[in-house]
Amino acid sequence: MANETNSASSTAAPLLQVRGLRKAFGAVRATDGVDLALQKGEIHALIGPNGAGKSTLIAQLCGELQPDAGSIVLGGEDVTALAAFARARKGLSRSFQITELCPDYTVLENVVLSLLLTTGRAFQAWSNPRHDPTLTASAARWLGEVGLDDRAGIHVRDLAHGEKRQLELAVALARSPRLLLLDEPMAGMGAEESARMTALLNGLKRRYTILLVEHDMDAVFALADRITVLVYGKTIFTGTPDEVRSHPEVRAAYLGEEAC
Ligand SMILES: Nc1ncnc2c1ncn2[C@@H]1O[C@H](COP(=O)(O)OP(=O)(O)OP(=O)(O)O)[C@@H](O)[C@H]1O
């Protein structure tokens, strides 16, 4: 299948430019020459069937996996050889790994911890973060952004699944990311929780640049400015939701008639 890019894509220098990214696991080419460009302020969804290479691509973008070949350029700087923590410092923030949350700390404390780690002050100040009014006020603002202001004092272990995901978003936002990698934010959610997360992400539109990997097609088509379709490790099409919906190869490869 041909690799295409629609004519609607901006001519401005992209915030993220991925070229020819490859990663093989033995004989499996998980990413097989992936090209991807994200414009500042867009929500760009990455979709594809199970095993298409989405998680492998995200892992390469955030530095958890070193690619076999290809390049990753963020804001004009080649970050391909940088370790994950160095990329995070440059504003590449991955979210939706529930393991990152501290279950025995409160909701507010988890965001305070994220702020401390971002500023490099963790070891000086973490002993009693409640007493730092600047940090707690800032953390409270991030909780407001994700609709968790009334849960600030609750321990994370007592949150519902959807609330944990909202908190993960607050933790990621507190790092002031230039590019937010959202890995299946709706995973494990019911319809109501998904709708709430979709509304939250919609509220971030234009203020953040987001790469969204998600199987929930209602959410993808509601949120994305552009969508890239990955099949067998290759990007087969990038376009607007309408263009993706009507693209015959995409329909055949992934969406199926019910999504179109
Ligand atoms: N660590 C690994 N070792 C061996 N094979 C792997 C490894 N990680 C991924 N793969 C293989 O690479 C291919 C791409 O997997 P990947 O998890 O990136 O796909 P995906 O699009 O994220 O799938 P899903 O939607 O099911 O999460 C699959 O064939 C998978 O089995």
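The structure displayed is predicted, hence computed values, not measured ones.

### Side note on the site of the ligand
Taken together, Phe25, Val28, Ala30, Gly48, Asn50, Gly51, Ala52, Gly53, Lys54, Ser55 and Thr56 form the complete shell of residues around the ligand. Looking at the shell around the ligand, the elements with two or more residues in it are strand S3 (28-38) and helix H1 (54-62). The greatest single-element share of the shell around the ligand, amounting to three residues, is contributed by H1. Considered class by class, the residues forming the shell around the ligand number four nonpolar, six polar and one charged.

### Observations regarding the sheet that holds strand S5 (residues 69-74)
A sheet is described by the order of its strands in space; here four strands give the open sequence S3-S2-S5-S6, paired in antiparallel fashion. With one partner strand each, in any of the chains shown, S3 and strand S6 (77-78) form the two edges of the open sheet. Across five bridges, the pairing between strand S2 (residues 16-25) and S5 is antiparallel. In the strand pairing of S5, Arg22 is matched with Ala69. Its contacts with the sheet put H1 on S2, S3 and S5, and the angle it makes with S3 is roughly 60°.

### Some thoughts on the environment of Leu230
Counting through the fold element by element, Leu230 comes out in strand S10 (residues 226-231). C-alpha separation for the pair Leu230 and Pro49, spaced 181 residues apart in sequence, amounts to 7.8 Å. Not counting residues within four places of it along the chain, the set of residues in contact with Leu230 comprises Leu46, Gly48, Ala52, Gly53, Lys54 and Thr235.

### Overview of the packing of helix H6 (residues 161-173) against helix H7 (residues 191-203)
Closest axis-to-axis distance for the H6/H7 pair is 10 Å, and the angle between their directions is 15°. As judged from the angle between their axes, H6 and H7 are roughly parallel. Both H6 and H7 take part in a crossing whose hand is right-handed. For the pair H6 and H7, the contacting residues are Gly162, Arg165, Gln166 and Leu169 in the first and Glu193, Arg196, Met197 and Leu200 in the second.

### What to know about the pairing of S2
Of the strand pairs in this sheet, S2 and S3 are connected by eight bridges, and their pairing is antiparallel. Bridge pairing in S3 links Arg22 to Asp32. Connecting S2 to the next strand, S3, in antiparallel fashion are two residues, including Gly26 with a positive phi near 60°.

### A word on helix H5 (residues 133-145)
An ideal rise of 1.5 Å per residue puts 18 Å on 13 residues; H5 measures up with 18 Å between its terminal C-alpha atoms. Taken as a whole, H5 has its buried residues at Leu135, Ala139, Trp142 and Leu143. Here the buried residues of H5 occupy an arc of 100° about the axis, which is enough to place them on one side. Relative to its buried face, H5 has exposed residues pointing more than 90 degrees away, namely Pro133, Thr134 and Ala137. Looking at the buried residues of H5, the elements they touch are helix H3 (107-119) and H6. Of the residues flanking the end of H5, it is Gly147, one or two places downstream, whose phi is positive at about 75°.

### Some words on the pairing of strand S4 (residues 43-47)
Burial within S4 is extensive, with five of its five residues counted as buried. For S4 and strand S9 (residues 209-213), the ladder comprises four bridges, and the chain directions are parallel. Residue pairing across strands places Leu46 opposite Val213, the latter belonging to S9.

### Some words on the nonpolar core
Buried together is how nonpolar side chains tend to be arranged in soluble globular proteins. Within the largest apolar cluster, 65 residues are counted, with the highest numbers of intra-cluster contacts made by Val111, Ala170 and Leu212. The dominant element in this core, judged by the number of residues it contributes, is H3, at seven residues. Looking at which domains feed residues into this core, each of domain 1 (4-91 + 177-259) and domain 2 (105-176) supplies at least three. The residues contacting Val111, other than those within four sequence positions of it, are Ala139, Trp142, Leu143, Ala170, Val171 and Ala174.

### Thoughts on the domain arrangement of the protein chain
Under the domain assignment used here, the protein chain contains domain 1 (4-91 + 177-259) and domain 2 (105-176). With nine residues of domain 1 in contact, the opposing surface of domain 2 contributes ten residues. Tallying contributions element by element places H7 first for the side of domain 1 that touches domain 2, with four residues. A class-by-class count of the residues in the side of domain 1 that touches domain 2 yields six nonpolar, one polar and two charged.

Rules of the game
- Counting of residues starts from 1 at the beginning of each chain's written sequence and follows it residue by residue.
- Totals for whole chains, interfaces and linings use all residues, but because this is a predicted model, local features are given only for residues with pLDDT of at least 70 and pairs of side-chain atoms are given and counted only at 80 or more.
- By definition, a residue lies near a molecule or strand provided its backbone-derived C-beta atom is within 6 Å of it.
- A helix here means a DSSP run of H or I that spans at least four residues, while a strand means a run of E at least two residues long, and both kinds are numbered starting from the N terminus.
- In this classification, the charged set is Asp, Glu, Lys and Arg, the nonpolar set is Ala, Val, Leu, Ile, Met, Phe, Trp, Tyr, Cys and Pro, and all remaining amino acids, among them Gly, are polar.
- For two strands to count as paired, DSSP must find a minimum of two bridges between them.
- Note that contacts rest on C-beta atoms placed from the backbone: two residues are in contact if these are within 7 Å.
- Orientation is described by axes fitted as lines to C-alpha atoms, over the contacting stretch for helices, and by angles from 0 to 180 degrees between their N-to-C directions.
- Oblique is the label for any angle not under 35 degrees, not over 145, and not in the 65 to 115 range, which are roughly parallel, roughly antiparallel and roughly perpendicular in turn.
- For a crossing to be left-handed, the near helix must be turned anticlockwise from the far one by less than a right angle; the clockwise case is right-handed.
- Expected span, for any helix, means 1.5 Å times one less than how many residues it has.
- Each residue is classified by how many other C-beta atoms fall within 10 Å of its C-beta atom, where C-beta atoms are placed from the backbone; a count of 20 or more means buried, 12 or fewer means exposed, and values in between mean partly exposed.
- Here the arc refers to the directions that run from the helix axis out to each C-beta atom.
- Any nonpolar core is a set of buried residues, restricted to Ala, Val, Leu, Ile, Met, Phe, Trp, Tyr and Cys, that join up through C-beta atoms within 7 Å.
- What marks off one domain from the next here is an automatic or database domain assignment.

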